[in-house]
Amino acid sequence: MVVCSVDVGYGNTKFCGDKGGEMFWGHFPSIATLPTGIDRGANVMAKRDLVEVESNGDRYIVGRDCMDTLSARDDRGRSLLANYVETSQHLAFLRGALAYIGESRIDMLVSGLPVNHFAHGRERMTEKLKGVHRYPDGRSVLVKDAWVVPQPVGGFISYFMSTNQLDRLADIKSLTIDVGYYTVDWLVCRGLKLQDERSGSAAGGMSMVMDRLIQLISKDRQAPFSDLNMVDAGIRNGFKTRIQGKEYDFSHFIPKMEAFIITAIQSVISSVGSLDDIDVIVLVGGGAKFY
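The structure displayed is predicted, hence computed values, not measured ones.

Asker: Is there a simple way to explain unusual backbone geometry in this structure?
Answerer: Peptide bonds are mostly trans, and most non-glycine residues show a negative phi. Even without glycine at this site, Asn56 takes up a positive phi of about 50°. When you line up the elements, Asn56 lands in the loop between strand 4 (51-55) and strand 5 (58-62). Phi angles above zero are rare outside glycine, and Gln244 is one such case at about 55°. Relative to the elements of secondary structure, Gln244 occurs in the loop between strand 13 (240-243) and strand 14 (246-249).

Shown next as structure tokens:
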């Protein structure tokens, strides 16, 4: 039985699966551009790691090197729409991930939705995942069945598995906070039973933090700066990047991000209420270390 997982996030699309008993995983930025049909490399330059996909009648280029397809006037490329899961780009990223997985048939595909989209969007998302996904080069991938879960669930289960606490999970009340690119999602659970009334999503992910960092970097350098992707990579590189060939350390701006983080956490606390009955808080997601 072939079981794989794809998580199409605002910032990155992640995927994993099993081949011959060995786990594999990968990711690429959630950026989709239109194909130009031009190859200026003339078989001399290294070929970029990209996939051409079709979505709702349009063709897109996605993949690990997709940032290199952005023009100088378009250094962001990501979609931050509230209805993101309904867009053609979302389906394009899903199909890009399936291409990287490399299976022609998947028996069960697991994916996720933001907490606030889960109740009303789960069935539509499931139908979107199932069926035959066709590619411009003639390939196709058959997804026989799909299972959609709230996005923070993966991190929640991973924590309790890695700490060998699954046997006592039923007695634990937990709060899982998932810091994503655009949203912060949270789940309150007793064991594996979700408390919907205390769970939710709010804007407050890393994109808001990076927007503010861009403003501060521009002011500090006294020169326009707008490359969000350089800041994104710089955060993962110890808050360092290169601007015009010179190393630039922006770690001194991090304390000024506290107000953004506090605002997001206040949304969590407002929804969760008292923390007196919470046994453990699990912090996951791409922005977890920063938070």
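Asker: I would appreciate a short explanation of the pattern of salt bridges in the present structure.
Answerer: Side chains carrying opposite charge are able to pair once their charged atoms draw close together. Inspection of the entire model under this criterion finds eleven salt bridges. A salt bridge links Asp7 to Lys14; the nearest nitrogen and oxygen atoms lie 3.3 Å apart. Under the relative-accessibility criterion, Lys14 is labelled partly exposed at 34%. Residue Arg64 pairs with Asp49 through a salt bridge whose shortest N-O separation is 3.1 Å. Of this pair, Arg64 sits in the loop between strand 5 and helix 1 (88-101) while Asp49 sits in the loop between strand 3 (22-29) and strand 4, and the two are 15 residues apart along the sequence. In this structure Arg64 comes out as partly exposed when scored by relative accessible area, which is 37%. Salt bridges sharing common partners tie together Glu52, Glu54 and Arg59.

Asker: Looking at this structure, how should I read the environment of Leu228?
Answerer: Within the secondary structure layout, Leu228 lies in helix 5 (residues 228-236). For Leu228, a relative accessible area of 4% puts it in the buried group.

Asker: Would you mind going over the packing of aromatic side chains with me for this structure?
Answerer: Each aromatic ring pair is described using two quantities: the centre-to-centre distance and the angle formed by the ring planes. Per the counting criterion, the structure on display carries eight aromatic pairs. Look at Phe156 and Phe160: their rings are 5.2 Å apart centre to centre, the planes differ by 70°, and that puts the pair in the edge-to-face class. Here Phe156 pairs with Phe160, and both are found in helix 3 (residues 153-162), just four residues apart, close to one helical turn. Residue Phe156 is classed as buried on the basis of its relative accessible area, which comes to 3%. Seen in terms of ring centroids, Phe239 and Phe250 are 6.1 Å apart; in terms of plane orientation they differ by 85°. Their pairing is edge-to-face. Of this pair, Phe239 sits in the loop between helix 5 and strand 13 while Phe250 is found in the loop between strand 14 and helix 6 (258-272), placing the two residues eleven residues apart along the sequence. A relative accessible area of 21% places Phe239 in the partly exposed class. Through a chain of ring-to-ring contacts, three or more aromatic side chains come together here, namely Phe15, Phe28 and Tyr100. In this arrangement the basic side chain of Lys19 is found over the ring face of Phe24, its NZ or CZ atom lying 5.3 Å from the centre. Positioned over the ring face of Tyr135 is Arg139, at 5.4 Å from the centre of the ring.

Cut-offs applied
- Residues numbered from 1 in each chain as written.
- Predicted model: local features only at pLDDT ≥ 70, side-chain atom pairs only at ≥ 80, totals over all residues.
- Heavy atoms only, no water.
- Helix = DSSP H or I, 4+ residues; strand = E, 2+ residues; numbered from the N terminus.
- Salt bridge = Lys/Arg side-chain N within 4 Å of Asp/Glu carboxyl O.
- Buried < 20%, exposed > 50% of the residue type's maximum accessible area, 1.4 Å probe, protein only.
- Phe/Tyr/Trp six-rings, centres within 6.5 Å; stacked < 30°, edge-to-face > 60°.
- Lys NZ or Arg CZ within 6 Å of the ring centre and 35° of its normal.

Structural measurements only, silent on function.
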